[in-house]
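# Reading the structure
Given next are the chains, with one letter for each unit.
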2 protein chains.
Amino acid sequence: MEKEVVVLRYGHRYVRDSRVTTHCCLVARALGAKEIIIEGSFPGLEDRIEKISEKWGGRFKVGFAESWKDAVKKLRGKGFKIVHLTMYGEPLNRFMEEIKARDKVCVIIGSQKVEPDVYLESDINISVGRQPHSEIAALTVFLDRYFGGKELERIFPNAKINAEKMKKGKIGN
Amino acid sequence: MEKEVVVLRYGHRYVRDSRVTTHCCLVARALGAKEIIIEGSFPGLEDRIEKISEKWGGRFKVGFAESWKDAVKKLRGKGFKIVHLTMYGEPLNRFMEEIKARDKVCVIIGSQKVEPDVYLESDINISVGRQPHSEIAALTVFLDRYFGGKELERIFPNAKINAEKMKKGKIGN
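Residues numbered from 1 in each chain as written. Chains lettered and ligands numbered in written order. Predicted model: local features only at pLDDT ≥ 70, side-chain atom pairs only at ≥ 80, totals over all residues. Heavy atoms only, no water.

### Looking at the interface of chain A and chain B
With 58 residues of chain A in contact, the opposing surface of chain B contributes 58 residues. Buried area between chain A and chain B, summed over both chains or domains, comes out near 5500 Å², and the portion from carbon and sulfur atoms is 56%. The interface formed by chain A and chain B holds four salt bridges in total. Measuring nitrogen to oxygen at the nearest pair gives 2.8 Å for the salt bridge that ties Asp144 of chain A to Arg145 of chain B. Secondary-structure elements contributing two or more residues to the side of chain A that touches chain B are α1 (18-30), α2 (45-56), β4 (81-91), α4 (92-100), α5 (116-121), β6 (124-127) and α6 (135-146) of chain A. Taken together, the residues that form the side of chain A that touches chain B break down as 24 nonpolar, 14 polar and 20 charged. (Contact = heavy atoms within 4.5 Å. Buried area = accessible area lost by both parts, 1.4 Å probe. Salt bridge = Lys/Arg side-chain N within 4 Å of Asp/Glu carboxyl O. Helix = DSSP H or I, 4+ residues; strand = E, 2+ residues; numbered from the N terminus. Nonpolar A, V, L, I, M, F, W, Y, C, P; charged D, E, K, R; others polar.)

Next up, the structure:
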């Protein structure tokens, strides 16, 4: 069965979080997720990401939810396991194999303050390191590990352009 | 020999890039780099990151450079290999082992437009996937792979606080 990852971006604040949320979208798309659902509003984002997919290939969906709880409920109904990425969770290295055994995963990434219900409603709270860093980084490590690094080599179908290599390849002496 | 990674943030624009640059700093620190050098200015950043290290432990240096070229020259003089992360490079998966064999690595991460000299002055241009995404994500994958995933479990000495785990660990059925 093909793996299906949906990213749920908790508590997006329009304008303030827009650039970070955009990075989250691009990372979700590039590293193998099928969809991102944003709690909150972000006018123009869907079109912007759609244009990127038209140019660079593949399919990626941008959706919105008024409340993360509704989104979680719907995804759970479709058989998704809910994985919340947080500093305050179980070590990724210990639980990754168990999560990789699941084909449908919803990954919740939040902003700095997350309400306690997110911890309680998630099937598992996973810590990508025990230091403060970035939801973009947490999502990145998660997706890279979940897909075993192969997502970096994935061909995106129907691309209009491809990134060309610069000449200088070797690291040298 | 202990591995030493210095991150060089190319072309930082104060205000516009501040939040993304802050994420870059936090990721560099949390995922095992020793130092970040920012091309450009960012008043207050050094203090802010220093406060995080006081609270969460470890040592991490924030430095600035007027020009990325000067920074590269100095680091090369100290024996660092210069690895530029870009969409337009050699696949990470193919070159990572070669890079891991080096103990001193300077990782250049840029903004959207990077001048051609960065490609030419680097020892290797490495592509973290062939899709547009995020310099934060590129840095994250690089550091995670370079340190073999062990950086997530690193203990930061002299921490005043530690992230406590939430109770709900298991993924369940």
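### Remarks on the confidence of the model for chain A
Scored by pLDDT, chain A comes out at a mean of 93, with 94% of its residues at no less than 70. Across the interfaces of the predicted complex, the ipTM metric reaches 0.94, alongside a pTM of 0.94. (pLDDT = per-residue confidence, 0-100.)

### Points about the sheet that holds strand β2 (residues 35-39) of chain B
Residues and elements named next belong to chain B. Strand order in the open sheet formed by six strands is β3-β2-β1-β5-β4-β6, and the pairing between neighbours is parallel. Unpaired on one side and paired on the other, β3 (61-65) and β6 (124-127) mark the two borders of the sheet. Pairwise comparison of adjacent strand axes, ignoring direction, gives a mean angle of 30 degrees for this sheet. Contacts from helix α6 (residues 135-146) reach β1 (4-9), β4 (81-91) and β5 (104-109), with the element oriented near 165 degrees to β5. (Pairing = 2+ DSSP bridges. Axes fitted to C-alpha atoms, helices over the stretch in contact; angles between N-to-C directions.)

### Things to note about the pattern of salt bridges
Residue and element names in this part refer to chain B. Considering all chains together, one arrives at 22 salt bridges over all chains under this definition. Salt-bridge contacts for Glu35 lead to Lys61; the nearest nitrogen and oxygen are separated by 3.9 Å. Of this pair, Glu35 sits in strand β2 while Lys61 sits in strand β3, placing them 26 residues apart in sequence.

### So, the packing of helix α1 (residues 18-30) of chain B against α6 of chain B
Residue and element names in this part refer to chain B. Closest axis-to-axis distance for the α1/α6 pair is 9 Å, and the angle between their directions is 5 degrees. One finds that α1 runs roughly parallel with respect to α6. Here Val20, His23, Cys24, Val27 and Ala28 of α1 lie close against α6, whose contacting residues are Glu135, Ile136, Leu139, Thr140 and Leu143. Counted by class, the contact of α1 with α6 contains seven nonpolar, two polar and one charged residues. (Parallel < 35°, antiparallel > 145°, perpendicular 65-115°, else oblique.)

### Some remarks on unusual backbone geometry
Residues and elements named next belong to chain B. The backbone phi angle of Val15 is positive, close to 75 degrees, even though this residue is not glycine. Assignment of secondary structure puts Val15 in the loop between β1 and α1. Positive phi is not limited to glycine here, since Asn158 has a value of about 60 degrees. Along the chain, the position of Asn158 falls in the segment after α6.

### Looking at the packing of α4 of chain A against α6 of chain A
Residue and element names in this part refer to chain A. Running from N to C, α4 and α6 point in directions that differ by 50 degrees, and their axes come no closer than 10 Å. With respect to α6, the axis of α4 lies oblique. The crossing of α4 and α6 is right-handed. Of the residues in α6, those touching α4 at Leu92, Asn93, Met96, Ile99 and Lys100 are Val141, Phe142, Arg145 and Tyr146. When grouped by side-chain class, the residues that make up the contact of α4 with α6 number six nonpolar, one polar and two charged. (Left-handed = near helix turned anticlockwise from the far one by under 90°.)

### Notes on a negative patch on the surface
Residues Glu46, Asp47, Glu50 and Glu54 of chain A make up a contiguous surface patch of negative charge. Of note, Glu50 of chain A is situated in helix α2. (Patch = residues over 30% accessible without salt bridge, like charges linked within 9 Å, V, L, I, M, F, W, Y side chains within 5 Å. Areas by Shrake-Rupley, 256 points an atom, 1.4 Å probe, with all protein chains shown as cover. Lys, Arg positive; Asp, Glu negative; His and termini not counted. Charge placed at Lys NZ, Arg CZ, Asp CG, Glu CD.)

### Details of the pairing of strand β3 (residues 61-65) of chain A
The pairing of strand β2 (residues 35-39) of chain A with β3 of chain A spans five bridges and is parallel. Looking across to β3 of chain A, one finds that Glu35 of chain A is bridged to Lys61 of chain A.

### Looking at the relation of the copies chain A and chain B
Rotating chain A by 180 degrees about the axis while translating it 0.0 Å along that axis superimposes it on chain B, leaving an RMSD of 0.0 Å. What the superposition gives is, in effect, a two-fold axis relating one chain to the other. Rotation axis and chain A: the residue whose C-alpha lies nearest the axis is Ala137 of chain A, separated from it by 2.8 Å. In this assembly the copies share their binding face: 100% of the residues contributing to the interface of chain A also contribute to that of chain B. (Least-squares fit on C-alpha atoms with pLDDT ≥ 70 in both.)

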